[in-house]
Amino acid sequence: MSEGLIALGLDPGLATTGYGIVRATKDGWQVIDGGVIRTEKGCARGERLREIYQGARELIATHSPSGVAIEEVYLARNARTAMLTAETRGVLLLATEGLPVHGYTPLQVKKRITGYGRANKGQVQAMVKRLLCLTETPQPDDMADGLALALCYLLDLSTGLQGVANKDYVYL
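Residues numbered from 1 in each chain as written. Predicted model: local features only at pLDDT ≥ 70, side-chain atom pairs only at ≥ 80, totals over all residues. Heavy atoms only, no water.

1. Some points on the packing of helix α1 (residues 45-63) against helix α2 (residues 79-95)
Then, in step 1: For the pair α1 and α2, the least separation of the axes is 9 Å and the interaxial angle reads 40 degrees. Relative to α2, the element α1 lies oblique. Crossing handedness for the pair α1 and α2: right-handed. Of the residues in α2, those touching α1 at Arg 45, Leu 49, Ile 52, Tyr 53, Ala 56, Arg 57 and Ile 60 are Arg 80, Leu 84, Glu 87, Thr 88, Val 91, Leu 92, Leu 94 and Ala 95.
Then, in step 2: Its residues assigned to classes, the contact of α1 with α2 comprises 10 nonpolar, 1 polar and 4 charged. (Axes fitted to C-alpha atoms, helices over the stretch in contact; angles between N-to-C directions. Helix = DSSP H or I, 4+ residues; strand = E, 2+ residues; numbered from the N terminus. Parallel < 35°, antiparallel > 145°, perpendicular 65-115°, else oblique. Left-handed = near helix turned anticlockwise from the far one by under 90°. Contact = heavy atoms within 4.5 Å. Nonpolar A, V, L, I, M, F, W, Y, C, P; charged D, E, K, R; others polar.)

2. A look at α1
Then, in step 1: Taking 1.5 Å per residue as the helical rise, α1 with its 19 residues ought to reach 27 Å, and the 27 Å between its terminal C-alpha atoms agrees with that figure.
Then, in step 2: For α1, the complete set of buried residues consists of Arg 48, Leu 49, Ile 52, Gly 55, Ala 56, Leu 59, Ile 60 and His 63. Viewed end-on, α1 has its buried residues packed into an arc of 135 degrees, placing them on one side of the element. In α1, the exposed residues that point more than 90 degrees away from the buried face are Gly 46, Glu 58, Ala 61 and Thr 62.
Then, in step 3: In this fold, the buried residues of α1 make contact with β1 (6-11), β2 (16-25), β3 (28-38) and α2. (Expected span 1.5 Å × (residues − 1). Buried < 20%, exposed > 50% of the residue type's maximum accessible area, 1.4 Å probe, protein only. Arc of directions from axis to C-beta.)

3. Some remarks on the confidence of the model for the protein
Then, in step 1: Taken as a whole, the protein shows an average pLDDT of 91; of its residues, 90% reach a score of 70 or greater.
Then, in step 2: Low pLDDT, under 50, characterises residues 163-172; the predicted model gives this stretch 26 contacts beyond four residues in sequence or across chains. (pLDDT = per-residue confidence, 0-100.)

4. Notes on the nonpolar core
Then, in step 1: By size, the foremost hydrophobic cluster in this structure holds 22 residues, and its most contacted members are Val 22 and Ile 113.
Then, in step 2: Elements represented by at least two residues in this core include exactly β2, α3 (106-114), α4 (121-131) and α5 (141-159).
Then, in step 3: The dominant element in this core, judged by the number of residues it contributes, is α5, at 10 residues.
Then, in step 4: Those residues within four positions of Val 22 in sequence are excluded, and the remaining contacts are Leu 5, Ile 6, Ala 7, Trp 29, Gln 30, Ile 32, Leu 132, Leu 147, Ala 150, Leu 151 and Leu 154.
Then, in step 5: Counting residues in each nonpolar core, the second largest holds 20 residues, with Tyr 19, Ile 52, Ile 60 and Val 68 among its members. (Core = buried A, V, L, I, M, F, W, Y, C linked by side-chain atoms within 4.5 Å.)

5. Thoughts on the environment of Tyr 53
Then, in step 1: Among the secondary structure elements, Tyr 53 is positioned in helix α1.
Then, in step 2: Between the C-alpha atoms of Tyr 53 and Gly 28, which are 25 residues apart in sequence, the distance is 30 Å.
Then, in step 3: Look past the residues within four positions of Tyr 53 in its chain and what remains in contact with it is Val 91, Leu 94 and Ala 95.

6. Quick word on the environment of Thr 137
Then, in step 1: Here Thr 137 lies in the loop between α4 and α5.
Then, in step 2: In sequence terms Thr 137 and Gln 125 are 12 residues apart; their C-alpha atoms lie 6.2 Å from each other.
Then, in step 3: Excluding residues within four positions of it along the chain, Thr 137 makes contact with Gln 125 and Lys 129.

Structure follows, in structure tokens:
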């Protein structure tokens, strides 16, 4: 395990961007922070994206993460939602300038956290709770996803998979 390293996990969404901050310790993982960056639906898109950027920059300034995990955009049924998520992801990439960033698809996160790539939200939340020795299931879902992403980053570092597991590993 890469002791002392702090990972920031970001689950991009225009209305709600989830985040989780986890530290690797000699005794396992420790949650430092978790929550969401919310934007108002009635605001202009540019303003909402700026709020997300500023929120991410504040998290980075406060917690000094060693690296960042950001969920990849997954195009499912709704192309418009995927495009808004891609814009949000772009803003988050800009906010993480200078830090190593790993991208993970939802399938990769589920597989790393639960061992099953088709796990449902409840299963992922239950494993995040267990892996982080939490007394309660992390809520909301977006925050749980942020914590899961941070765990993926730390798991990859401890197993030597950084840069191998995902071709989109990038330093910005």
